[in-house]
Each structure stands twice: as C-alpha cells, then as structure tokens.
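Listed below, chain by chain, are the residues.
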Amino acid sequence: MLLVLVVCACGIGSRSATESKPIVLGYSQLGDESTWRTQNSRSIIDAAEKAGVKIMFDDAMQKPENQIKAIRSFIAYKVDVIAFSPLVETGWDTVLHEAKAAGIPVIIVDRMIDTADESLYACALGSDFYKEGRRAGEFLVKKYRGSGRPVRIVEIGGTMDSTPAIGRYQGFRDVISSDPNFSVIFSDDGDFMLSKGKEIMRRVLRLYGPGDLDVLYSHNDDMTFGAIEVMQEAGIEPGKDVVIISVDATQRIVDYLKDGAVNCVIECNPNSGSQLMEIARDVASGVGVPKRIYIEETVFDEYADLDAIAPRGY
Ligand code: GYE
C-alpha cells in the first residue's frame, strides 16, 4: 500500500513539474580568471540543469561593459530573473534601473555592488569577505603570539575595487593592527590571476632580499601558486622561510597545506548554484527572500587535523 502511494506521489510530482513552464535565468559571469571561478560557473550551470531552470550564461571576460551588455540582452529577451557576479562594486545603477523598469528581479551573486538604492536588487548571495580577511589576520596573531619580533608581510590582493579584494584587505588590517609588530611592507593587486601572482612576487624579490619578508598573504590560491613558483626559483622554501596564507581552498592548496608548503587556507565557497536556483524560483514567483545571504565557510590551518579535510572536489 505504502509503495503504491509513493509511486502515485512521484507520478503526480513529475507530471506537474514538466507541465509548469521552466524559469528562464540570465546569468552574467564576470570571467574565468581562477580555479574558484571555474568551479563557481560549473556549480551554477549544473544546478540550473538539476532544477529545470533554463539558463542563459554569459562570460564577460573581466569587462564590466560586457556584463552591462549581457544584462541588457537578458532584459530584451524578457528573462524571468537576472543574476550576475559584478567584477567591481560600482557602475551598475543605470542598467539595474532598466531591469527594474522591465519588472525583472535581480539577484547579485558572489561579489557585491555599491549602490544607494537597495530596491535595485532582490537579494545578494555571497561570502563574507571581510570575515575572510579577519580570519587571515587571526591566524597570524595565533602564529606569532608572544614572539615579540617584527613580522614583515607581503600582500597580493585581488582585483582592485572588487568586494573580495576590499574585504580581504580591510578585515586583515583590522586584526593585525592590534599588534605593532605586524607591518605590511608591500601590497599590490594581482587580479586573482596566477600570472600576476608570479609577476608581483618577481617584483617583490627585486625589492627585498629573500630574508627580508616573513609572510605572504595572497587573496586567492591561483596567485599563491604563481608566487610560490617564483619563491622556489629563488631558493625560498614556502611555508618554512615564508609563512603563507591563501584564500579559496582549492584541492591543490589543501595538498600544499598538508605538505607544509602553505600554513593557512581561508575557505571561500564557490558552490552557490543550488542556493541560487532556490532564490531564483522564489523571486520569480514573488516569494519574499532575505536581502543578504552569506555562504558558510571555514578555515584550514597547520594547527588543525588535516586528514579530516574532505576532498574539495575542485
Ligand atoms: O576568491 C577568486 C576569484 O569573487 C570570491 O574571485 C571571488 C573571488 C575568488 O577569482 O579566486
């Protein structure tokens, strides 16, 4: 009897799902600059397929003007929902007014926008980048507690004016400023790209001798890998001669952490696809959603039980 009921329930469920019109979601992705981003795009595309959402996915190749073009084409196409991950925080008001005038709800994903008009978006789903920055600082405070010696830090930042770069910069400083022994001796933007991580570390090693820096704080794993390569070429042992903190937590950086070549990894979770689909369904059908949703994240560092880290999957 129970079996029959279950079978019936399934039958009804699948029939109504195929009968209702699928939601059309226009998604403007900012680019494909990093391992994190590739996984984020995969998560969104896979989740759309699973949820039966028809997705129009555009890669803006790191150009905000391409994102604006994509959003305009989604409006012209009359999609049900628009979602996008803004490269930088400013410059979105005009196009978002156009979406609002067309009656299309907008979800902001991953990075944030800077606007005085909160009615321009229904919901923002992403990480707490300020907290990530604080976590990087907290690791250093723990690592050097009681050492009483100067700690010279090199920072490779993310894309200028992007939310993760701003939060990771500020959160970090707000923690390390509690101890005058910490000083950031060099900081530059590496655009979250491996090649720029290399370039910046080459520049750093032209300015400072191998013994003149204690810590590398890098805003993402790809830039960390670039910097590590250059350090190794210069005979610096990563994780030993220079303490390394990286953000994202891809599998490869976790492997480096396990090998002692990296000391602390701040997780930034790219798997927001299924949560995004739920929000898209809600906003498309007029169900209220929270204005701001933060994705849960953690930290992996050399003090933790590293064997307990589950495979990252990317
Ligand atoms: O940390 C980095 C990517 O916006 C959170 O962008 C994202 C960041 C991520 O390129 O790897």
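Residues numbered from 1 in each chain as written. Predicted model: local features only at pLDDT ≥ 70, side-chain atom pairs only at ≥ 80, totals over all residues. Heavy atoms only, no water.

Let's talk about unusual backbone geometry
- Positive phi outside glycine occurs at Lys 78, with the angle close to 60°.
- Tracing the sequence through the fold places Lys 78 in the loop between helix 3 (64-77) and strand 3 (81-84).
- Within the chain, Asp 248 stands out as a residue other than glycine whose phi angle is a positive 130°.
- Secondary-structure assignment places Asp 248 in strand 9 (residues 243-248).
- Classification of Asp 248 by relative accessible area gives buried; the value is 3%. (Helix = DSSP H or I, 4+ residues; strand = E, 2+ residues; numbered from the N terminus. Buried < 20%, exposed > 50% of the residue type's maximum accessible area, 1.4 Å probe, protein only.)

With respect to helix 5 (residues 129-144)
- With 16 residues, helix 5 should reach 22 Å at 1.5 Å per residue; the first-to-last C-alpha distance of 23 Å fits that figure.
- Among all positions in helix 5, only Phe 129, Glu 132, Gly 133, Ala 136, Gly 137, Phe 139, Leu 140 and Tyr 144 are buried. Seen from one end, helix 5 has its buried residues packed into an arc of 150°, which puts them on one side. (Expected span 1.5 Å × (residues − 1). Arc of directions from axis to C-beta.)

Some thoughts on the environment of Arg 173
- Position of Arg 173 relative to the elements: it lies in helix 6 (residues 163-176).
- Residue Arg 173 is classed as buried on the basis of its relative accessible area, which comes to 17%.
- Placed 40 residues apart in sequence, Arg 173 and Gly 133 show a C-alpha to C-alpha distance of 7.9 Å.
- Not counting residues within four places of it along the chain, the set of residues in contact with Arg 173 comprises Glu 155, Val 184 and Ser 187. (Contact = heavy atoms within 4.5 Å.)

Let's talk about the site of the ligand
- Neighbouring the ligand are 13 residues; Glu 33, Asp 110, Arg 111, Asn 220 and Asp 248 lie closest to it.
- Contact distances for the ligand include 3.0 Å between an oxygen atom and a side-chain N or O atom of Arg 37.
- Against a free-state accessible area of 300 Å², the protein chains account for coverage of 100% of the ligand.
- Listing elements by their share of the shell around the ligand, those giving two or more residues are helix 2 (35-51) and helix 6.
- The residue inventory of the shell around the ligand, partitioned by class, reads 5 nonpolar, 2 polar and 6 charged.
- Counting only domains with at least three residues in the shell around the ligand, you end up with domain 1 (22-127 + 270-296) and domain 2 (129-268). (Near = heavy atom within 4 Å. Polar contact = N/O pair within 3.5 Å; in protein donor to acceptor, adjacent residues only side chain to side chain. Areas by Shrake-Rupley, 256 points an atom, 1.4 Å probe, with all protein chains shown as cover. Nonpolar A, V, L, I, M, F, W, Y, C, P; charged D, E, K, R; others polar. Domains from an automatic or database assignment.)

What about the confidence of the model for the chain?
- Residue-level pLDDT values for the chain average 94, and 94% of them are 70 or greater.
- Overall, residues 1-18 carries pLDDT values under 50, and its contacts beyond four positions in sequence, including any with other chains, amount to 0 contacts. (pLDDT = per-residue confidence, 0-100.)

Concerning the packing of helix 7 (residues 194-207) against helix 8 (residues 221-233)
- Running from N to C, helix 7 and helix 8 point in directions that differ by 40°, and their axes come no closer than 7 Å. The pairing of helix 7 with helix 8 is recorded here as oblique in orientation. The two elements helix 7 and helix 8 meet at a crossing, and its hand is right-handed. Facing Leu 194, Gly 197, Lys 198, Met 201, Arg 202 and Leu 205 of helix 7, the residues of helix 8 in contact are Asp 222, Met 223, Phe 225, Gly 226, Ala 227, Glu 229, Val 230, Met 231 and Glu 233.
- For the contact of helix 7 with helix 8, a count of residues per class yields 8 nonpolar, 2 polar and 5 charged. (Axes fitted to C-alpha atoms, helices over the stretch in contact; angles between N-to-C directions. Parallel < 35°, antiparallel > 145°, perpendicular 65-115°, else oblique. Left-handed = near helix turned anticlockwise from the far one by under 90°.)

Concerning the nonpolar core
- With 27 residues, the main nonpolar core has Met 201, Val 204, Leu 216, Met 231, Val 242, Ile 244 and Val 265 as its most contacted residues.
- Every element with two or more residues in this core is listed here: strand 6 (151-157), helix 7, helix 8 and helix 9 (251-259).
- Top element by residues in this core is helix 8. It accounts for 6 residues.
- Discounting residues that sit within four places of it in the chain, Val 204 has contacts with Val 154, Phe 186 and Leu 213.
- Core analysis: the second largest hydrophobic core is formed by 21 residues, Val 81, Ala 83, Ala 280 and Ile 295 among them. (Core = buried A, V, L, I, M, F, W, Y, C linked by side-chain atoms within 4.5 Å.)

With respect to the pairing of strand 1 (residues 24-29)
- When you tally the buried positions in strand 1, you get 6 out of 6 residues, the bulk of the element.
- With burial as the criterion, each face of strand 1 is covered, one bearing Val 24, Gly 26 and Ser 28 and the other bearing Leu 25, Tyr 27 and Gln 29.
- The pairing of strand 1 with strand 2 (residues 54-59) spans 6 bridges and is classified as parallel. By the bridge assignment for strand 2, Gln 29 is matched with Asp 59.
- Traced from strand 1 through helix 2 to strand 2, the parallel crossover comes out right-handed.
- Across 4 bridges, strand 1 lies against strand 3 in parallel orientation. (Pairing = 2+ DSSP bridges. Right-handed = clockwise from strand over helix to strand, strands pointing away.)

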